[in-house]
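The residues making up each chain are set out below.
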Amino acid sequence: MGQGPSTSALQQCIEGVANNRAGFAAFAGSPLYQIQWVKPYNLDVLVEPAAVVRPQTAQDISDIIKCANANNVKVQAKSGGHSYQNYGVGGSDGAVAIDMVNFQKFSMDTKTWHATIGAGHRLGEVDKKLHAQGGRAMAHGVCPGVGLGGHATIGGLGPMSRMWGSCLDHIVEVEVVTADGKIQRASATQNEDLFWALRGSASGFGVITEFVMRTHPEPANIVQYEYTIKLGRQADVAPLYSKWQALMADPKLDRRFGSMFIMFPLGAIITGTFYGSQEEFLKSGIPNALPQDGNGHLVLNDWLGALAHDAEKEALYLSGLAMPFISRSLAFKRQDLLGPDKIKDLFSWVDTQKKGTLLWFIIFDAAGGAIEDVAQNATAFAHRDKVMYYQSYGIGLPVTKTTKDFITGFHDQVVQKAGAGTWGTYPGYVNNALVDQQKQYWDSNLPALEQIKARWDPKDLFHNPGSVRPAKK
Ligand SMILES: Cc1cc2nc3c(=O)[nH]c(=O)nc-3n(C[C@H](O)[C@H](O)[C@H](O)COP(=O)(O)OP(=O)(O)OC[C@H]3O[C@@H](n4cnc5c(N)ncnc54)[C@H](O)[C@@H]3O)c2cc1C
């Protein structure tokens, strides 16, 4: 905590809220500020917030928001701190980051099977608690270290999303602190417009303190498939990718199946998770469409085992630990998917490029299914019509220009080959190089979001470089 006459008005205000509670806040310039308080995920994106605060109650958050308002400083909530551009600590210098680590409330209503979950939970902890409370589950992504606060509010896509929808499709109600400092509830019947915006774009609309979420019974049996291709040239992998993509694009593909194709320096990996028994998997016809020689294998699992398996596999290419990296992404409608010739060109292009690192990965993940069932304008999430995403990662210490050129070049190649139809990406896979970022993240939902923002946060208090801006009057 700061002292003496040099203490800023913001600091004085936050220290007033802290009221001598230890570990409540730290300010730019204090010792070990970056390592112990800011804790950026992407070490290639330097961000120095004015303050990082660890409130204990919704009232604390309300008071901190009032301090930020009075001092004209931007605010961002930080839950798991896994934003690709460090948006949880503002994404650019000078914000107040509200670290939700103390918001760990959890309870289960065993009549409705709705869980009330504090916004400071990481996904791995949510899974364990849901399991302990009646063997319940919900859809979300694969990294256990990602925060529920940033994940359920932006989308939250995982292998079970084709079956159950995105994580945000599970939200029934939230408690949120808005730009005026009020602690409010939002749901289908309370502050409906705010509730709509919070499901897909919350970083620009408030600080959610707790979620009420619907849950499902855990699937009893899960089959996990993995196929590794160790070929020197990506061009040789291209036909396999084409086959995989055709399976993923099939509108009749069994919704119990989620899958990823991961291109990496030595070749590629196909992962698949089927939520059902081995017998049902065989009956689904999916195995016939997947490569099945000695490079593939199946693992039979239960729910927690399958989550751990996914996380372990993911950690091989994308660590939950902080690292310096560059990332790009793009979403595809069924009609935007590349045909076999263009795929071959794209994969051959990869072979010709200098990468500047041995740590690069390009992940294609299947969407569609239950995500597509929800109308495009039912929540702020605007990618209901997308059947696949690509995300790239170039990791380095530091990330060199060669690596940046490769990752950027790959994106340009995809856009060029996919043609004018390709537009936008899921904002959870932040791509800060996109022109007109907000339009590409929220597409046809953007005008309504800008109006709602003008109503709830006209001064753009909740702000990061990619968040929704208020409509101009
Ligand atoms: C290793 C890794 C794996 C990933 N895997 C997947 C995946 O499988 N599927 C997928 O969909 N995504 C995935 N992501 C992306 C991830 O979902 C987003 O980066 C998400 O926003 C991270 O949330 P967080 O709380 O950890 O991050 P933070 O940096 O804390 O927050 C990210 C954003 O959310 C806002 N936010 C956080 N908490 C709140 C809150 N309580 N109220 C309002 N706004 C809030 C922040 O202000 C910030 O703008 C992955 C990311 C990483 C780094």
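Predicted model only: the values in this text are computed from it and were never measured. (Residues numbered from 1 in each chain as written. Predicted model: local features only at pLDDT ≥ 70, side-chain atom pairs only at ≥ 80, totals over all residues. Heavy atoms only, no water.)

1. Considerations on the overall build of the protein
Rules: Per the convention used, a helix needs a DSSP run of H or I reaching at least four residues, while a strand needs a run of E reaching at least two, with both numbered from the N terminus. The reference for a compact globule is 2.2 Å times residues^0.38; the radius of gyration itself is calculated from the C-alpha atoms. Accessible area is worked out with a 1.4 Å probe on protein chains only. A residue is then buried under 20% of its type maximum, exposed over 50%, and partly exposed in between. Here a residue-residue contact requires only that any non-hydrogen atoms of the pair lie within 4.5 Å. What sets the accessible areas is the Shrake-Rupley method with a 1.4 Å probe; for residues, cover comes only from the shown protein chains.
Looking only at helices and strands, the protein has 16 helices and 18 strands in total. In terms of overall dimensions, the protein is globule-like: its C-alpha atoms have a radius of gyration of 22 Å, near the 23 Å expected for 473 residues. By principal-axis analysis of the C-alpha atoms, the protein measures approximately 70 × 55 × 45 Å. A total of 473 residues make up the protein; the buried ones form 60% of that total. When contacts within the protein are restricted to residue pairs at least 6 apart in sequence, those whose partners lie at least 24 apart make up 71%. If you sum the accessible surface of the protein, you get close to 18600 Å²; carbon and sulfur atoms cover 54% of it.

2. Observations concerning the confidence of the model for the protein
Quick reminder of the rule: One number per residue, pLDDT, summarises how confident the predictor is, and it ranges from 0 to 100.
Of the residues in the protein, 98% have a pLDDT of 70 or more, and the chain-wide mean is 95. Between residues 1-5, whose pLDDT stays under 50, and residues either more than four places distant or in other chains, the model counts 10 contacts.

3. Observations regarding the nonpolar core
Test applied: As used here, the term nonpolar core means buried Ala, Val, Leu, Ile, Met, Phe, Trp, Tyr and Cys residues forming a set that is joined through side-chain atoms within 4.5 Å.
Counting residues in hydrophobic clusters, the biggest one holds 88 residues, and the most contacted among them are Ile14, Val96, Ile98, Leu148, Leu198, Phe211 and Met213. Setting aside chain neighbours within four positions, we find phenylalanine 211 in contact with Ala115, Thr116, Ile117, Ala119, Leu148, Gly149, Ala152, Thr153, Ile171, Glu173 and Val174. With 44 residues, the next largest nonpolar core counts Tyr241, Trp244, Ile286 and Trp349 among its residues.

4. Some words on the packing of aromatic side chains
Operational definition: For Phe, Tyr and Trp, rings pair up if their centres lie within 6.5 Å, where Trp contributes its six-membered ring, and each pair is then called stacked (planes under 30 degrees apart), edge-to-face (over 60) or tilted (otherwise). In this scheme, the term charge over a ring applies when either NZ of a lysine or CZ of an arginine sits within 6 Å of the ring centre and within 35 degrees of the ring normal.
Here the structure, examined in full by the defined rule, presents 25 aromatic pairs. A connected cluster of aromatic rings, assembled from ring pairs, spans Tyr241, Trp244, Phe261, Phe347, Trp349, Trp360, Phe364, Tyr390, Phe406 and Phe410. Arginine 54 extends its terminal NZ or CZ atom over the ring of tryptophan 37, reaching a point 4.0 Å from the ring centre.

5. Considerations on the state of the cysteines
Heads up, the condition is: We call a pair of cysteine sulfur atoms a disulfide when they lie within 2.5 Å.
Tallied over the entire structure, the rule returns 1 disulfide. Paired through a disulfide, cysteine 13 and cysteine 67 show a sulfur-sulfur distance of 2.1 Å. Judged by the sign of its S-S torsion, about -80°, the bond between cysteine 13 and cysteine 67 is left-handed. On the criterion of sequence distance, the pair formed by cysteine 13 in helix 1 (residues 9-18) and cysteine 67 in helix 3 (residues 58-70) is long-range, its members being 54 residues apart. Overall, the relative accessible area of 29% leaves cysteine 13 in the partly exposed class. Judged by relative accessible area, which is 1%, cysteine 67 ranks as buried. In this structure cysteine 167 is not part of a disulfide, and its nearest cysteine sulfur, from cysteine 143, lies 13 Å away.

6. Overview of the packing of helix 8 (residues 234-249) against helix 12 (residues 340-352)
Definition in use: Angles shown run from 0 to 180 degrees and are taken between the N-to-C directions of axes, each axis being a line fitted to C-alpha atoms and, for helices, limited to the stretch in contact. By definition, turning the near helix anticlockwise from the far helix through less than a right angle yields a left-handed crossing, and turning it clockwise yields a right-handed one. Residues are grouped as follows: Ala, Val, Leu, Ile, Met, Phe, Trp, Tyr, Cys and Pro are nonpolar; Asp, Glu, Lys and Arg are charged; all remaining types, including Gly, are polar.
The interhelical angle for the contact between helix 8 and helix 12, taken along N-to-C directions, is 145°, at an axis separation of 8 Å. Remark: the crossing between helix 8 and helix 12 carries right-handed chirality. Residues Gln234, Ala235, Val237, Ala238, Tyr241, Ser242 and Gln245 of helix 8 form the contact with helix 12, whose participating residues are Pro340, Ile343, Lys344, Phe347, Ser348, Val350 and Asp351. For the contact of helix 8 with helix 12, a count of residues per class yields 8 nonpolar, 4 polar and 2 charged.

7. Remarks on the layout of surface pockets
Definition in use: Cavities and pockets are defined on a 1 Å grid built over the protein atoms alone: a cavity is a set of grid points where a 1.4 Å probe fits but cannot escape, while a pocket is an open set with protein on both sides within 12 Å along at least five of seven lines, and lining residues are those with an atom within 4 Å of any such point. Grid points are joined across faces, edges and corners, and a volume is the space filled by probe spheres set on the points.
Size it by volume and the largest pocket reaches roughly 280 Å³. As for the largest pocket, its lining consists of 18 residues, and the residues nearest its centre are Lys39, Lys78, Gly80, Gly81 and Arg122. When the residues that make up the lining of the largest pocket are grouped by side-chain class, the tally is 5 nonpolar, 7 polar and 6 charged.

8. Points about the site of the ligand
Where we set the bar: Whether a residue is near a molecule or strand is decided by its heavy atoms; if any one of them lies within 4 Å of it, the residue is near. We define a polar contact as two N or O atoms separated by no more than 3.5 Å, with the added condition that, inside protein, one atom must be a possible hydrogen donor and the other a possible acceptor, whereas residues neighbouring each other in sequence contribute only through side-chain atom pairs.
Around the ligand, the surrounding shell holds 35 residues, and the nearest of these are Ala77, Ser79, His151, Leu157 and Tyr426. Tyrosine 426 has a polar side-chain atom sitting 2.7 Å from an oxygen atom of the ligand. Out of a free accessible area of 950 Å², the ligand has 96% covered by protein chains. Broken down by secondary-structure element, the contributors of at least two residues to the shell around the ligand are strand 3 (75-78), helix 5 (148-151) and strand 10 (207-214). Taken together, the residues that form the shell around the ligand break down as 15 nonpolar, 18 polar and 2 charged.

9. Some details on the UniProt feature "domain: FAD-binding PCMH-type" (unreviewed entry) in the protein
To keep things clear, this is the line we draw: UniProt positions are given in the numbering used here, feature names are shortened, and annotations may be inferred rather than shown by experiment.
Taking the numbering used here, the UniProt-annotated feature "domain: FAD-binding PCMH-type" (unreviewed entry) corresponds to residues 45-218. Along residues 45-218 one finds 24% helix and 25% strand; the C-alpha atoms at either end are 38 Å apart.

10. Here's the deal with the pairing of strand 12 (residues 222-229)
Applied cut-off: By definition, two strands form a pair when at least two bridges between them are found by DSSP.
Across the 8 residues of strand 12, 7 count as buried, placing the element largely inside the fold. Relative to strand 15 (residues 296-301), strand 12 is paired through 6 bridges, and the arrangement is antiparallel. Note on strand 15: the bridge partner recorded for valine 223 is leucine 300. With 7 bridges joining them, strand 12 and strand 14 (residues 267-274) adopt antiparallel strand pairing. The residue bridging tyrosine 227 from the neighbouring strand is isoleucine 270, located in strand 14.

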